[in-house]
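One-letter residues, chain by chain:
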Amino acid sequence: MLKVLNSLIEENRERSYKTAWDADELLGNNLERCRYIGKDPDATPLDAYPFRELWEEFYQKEIRTPELLMEIALYQECRANRGSYEQNLSLYERVFGKEPVKKAPFSDLVQGLRYGVQARTVLDTLFEEYVPDALKARFGLYGTAALLSVLDSSNDFYMVSEKRWNGETVTYTRRAADLPIFRSMRLWLSRVEEKDWANAFTLRFRLQQYYLEQKKREQLPPHQSQYDRYLFLADYVQCCVRGIWDKDLFYRNKHTFYDF
């Protein structure tokens, strides 16, 4: 699919357009916004970019469904973070099974596309245009639950080495929960409908509690002084407002829950 889109952009590389800041540009050089849509309530994501009809036709002809478009978006995440993705491939296999190509874990990460930057912009915009919140939320619920079911001390962290400006190499841990796909799944939990709010809260709570228990094993990078949170005070307040937690329980334990 990426190669097809790359070829489409190559065929139209000489087409020109005006950017949102009134500069002349060729599609083959870059794909920039042609207008700002923040104040237009009727505008959709594709309206921000030139050649809307071209990208709509590509979606209708080649992709056709929001489910496939979501798989492509997740594939793109893995391409953009290939090193950390391949370093943790065994975890992806435990979460998703050993599926070929389309579904994670992906077995063929295409590299070296001439118009890869433009293709990424097109696919990201199509994702926002056509993938509904309900689909994102469903994948977030099932995917995060699957991750939690296999998360343990053998795969919950991975090591990262980083060379600093002074030539020093520092080593620290990254959470598996923040890897490509897994991070998106967690963020999409915020898109759930009211009937699934408690389930989404519980998954984030369990994930946060898991990493709280592993706090002594986590090595923060030099530029980070606090541990990441997956829930905030407003989430706990909502839990009480919705009647999931008793207020007395919340007041007695709020410092424990929030002090992560």
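Look up: the structure comes first, before these words.
Residues numbered from 1 in each chain as written. Predicted model: local features only at pLDDT ≥ 70, side-chain atom pairs only at ≥ 80, totals over all residues. Heavy atoms only, no water.

A. Seen up close, the overall build of the chain. Across its full length, the chain carries 11 helices and 4 strands. Expressed as lengths along the three principal axes of its C-alpha atoms, the size of the chain is roughly 65 × 45 × 40 Å. Burial analysis of the chain (260 residues in total) assigns 44% to the buried set. Within the chain, contacts between residues separated by at least 24 positions form 65% of all contacts whose residues are at least 6 apart in sequence. Carbon and sulfur atoms form 47% of the exposed surface of the chain, whose accessible area is close to 14,700 Å². Between the averaged position of the 38 positive side-chain charges in the chain and that of its 40 negative side-chain charges there is a distance of 4 Å. (Helix = DSSP H or I, 4+ residues; strand = E, 2+ residues; numbered from the N terminus. Buried < 20%, exposed > 50% of the residue type's maximum accessible area, 1.4 Å probe, protein only. Contact = heavy atoms within 4.5 Å. Areas by Shrake-Rupley, 256 points an atom, 1.4 Å probe, with all protein chains shown as cover. Lys, Arg positive; Asp, Glu negative; His and termini not counted. Charge placed at Lys NZ, Arg CZ, Asp CG, Glu CD.)

B. Representation of the nonpolar core. Residues Leu 5, Trp 55, Ile 63, Leu 126 and Tyr 211 are the most contacted members of the largest nonpolar core, which totals 63 residues. Beyond its immediate chain neighbours, meaning those up to four positions away, Ile 63 contacts Met 1, Phe 58, Leu 68, Leu 69, Ile 72, Leu 123 and Leu 126. Of all hydrophobic cores here, the second largest spans 9 residues; its members include Phe 201, Phe 205, Tyr 236 and Trp 245. (Core = buried A, V, L, I, M, F, W, Y, C linked by side-chain atoms within 4.5 Å.)

C. Main features of the packing of helix α5 (residues 89-96) against helix α7 (residues 133-150). α7 packs onto α5 with a crossing angle of 115° between their chain directions and a minimal axis gap of 9 Å. In terms of crossing hand, the pair formed by α5 and α7 is right-handed. Residues Leu 91, Arg 94, Val 95 and Phe 96 of α5 lie in contact with α7, whose contacting residues are Phe 139, Gly 143, Ala 146, Leu 147 and Val 150. Classifying every residue of the contact of α5 with α7 gives 7 nonpolar, 1 polar and 1 charged. (Axes fitted to C-alpha atoms, helices over the stretch in contact; angles between N-to-C directions. Left-handed = near helix turned anticlockwise from the far one by under 90°. Nonpolar A, V, L, I, M, F, W, Y, C, P; charged D, E, K, R; others polar.)

D. Spatial organisation of the side chain of Thr 19. Mapping Thr 19 onto the fold places it in the loop between β1 (16-18) and β2 (24-26). Residue Thr 19 is classed as buried on the basis of its relative accessible area of 5%. Residues in contact with Thr 19, not counting those within four places in the same chain, are Glu 25, Glu 32, Arg 33 and Cys 34.

E. Representation of the pairing of strand β4 (residues 169-175). Note that strand β3 (residues 157-163) and β4 share 7 bridges and pair antiparallel. Across the sheet, residue Val 160 finds its bridge partner in β4, namely Tyr 172. Connecting β3 to the antiparallel partner β4 that follows it, the hairpin turn spans 5 residues, and Gly 167 within it adopts a positive phi of roughly 90°. (Pairing = 2+ DSSP bridges.)

F. Just the pattern of salt bridges, in detail. Summed over the entire model, instances satisfying the criterion amount to 18 salt bridges. Close ionic contact of Glu 128 with Lys 136 constitutes a salt bridge, the shortest N to O distance being 3.8 Å. What makes Glu 128 partly exposed here is its relative accessible area of 44%. Residue class for Lys 136 comes out buried when judged on its relative accessible area of 2%. One salt-bridge network, held together by shared partners, links Asp 47, Arg 52, Glu 56 and Glu 129. (Salt bridge = Lys/Arg side-chain N within 4 Å of Asp/Glu carboxyl O.)

G. Representation of the side chain of Glu 77 in the model. Take Glu 77: it is sitting in helix α3 (residues 66-80). Summary of buried charges: Glu 77 has no salt-bridge partner, and the nearest side chain of opposite charge, Arg 120, is 6.5 Å away. With residues up to four places along the chain from it excluded, the contact list for Glu 77 reads Pro 180, Ile 181 and Ser 184.

H. Geometry of the environment of Lys 136. With respect to the helices, strands and loops of the structure, Lys 136 is situated in helix α7. Ignoring sequence-local partners within four residues, the contact set of Lys 136 consists of Met 70, Phe 127, Glu 128, Val 131, Trp 188 and Arg 191.

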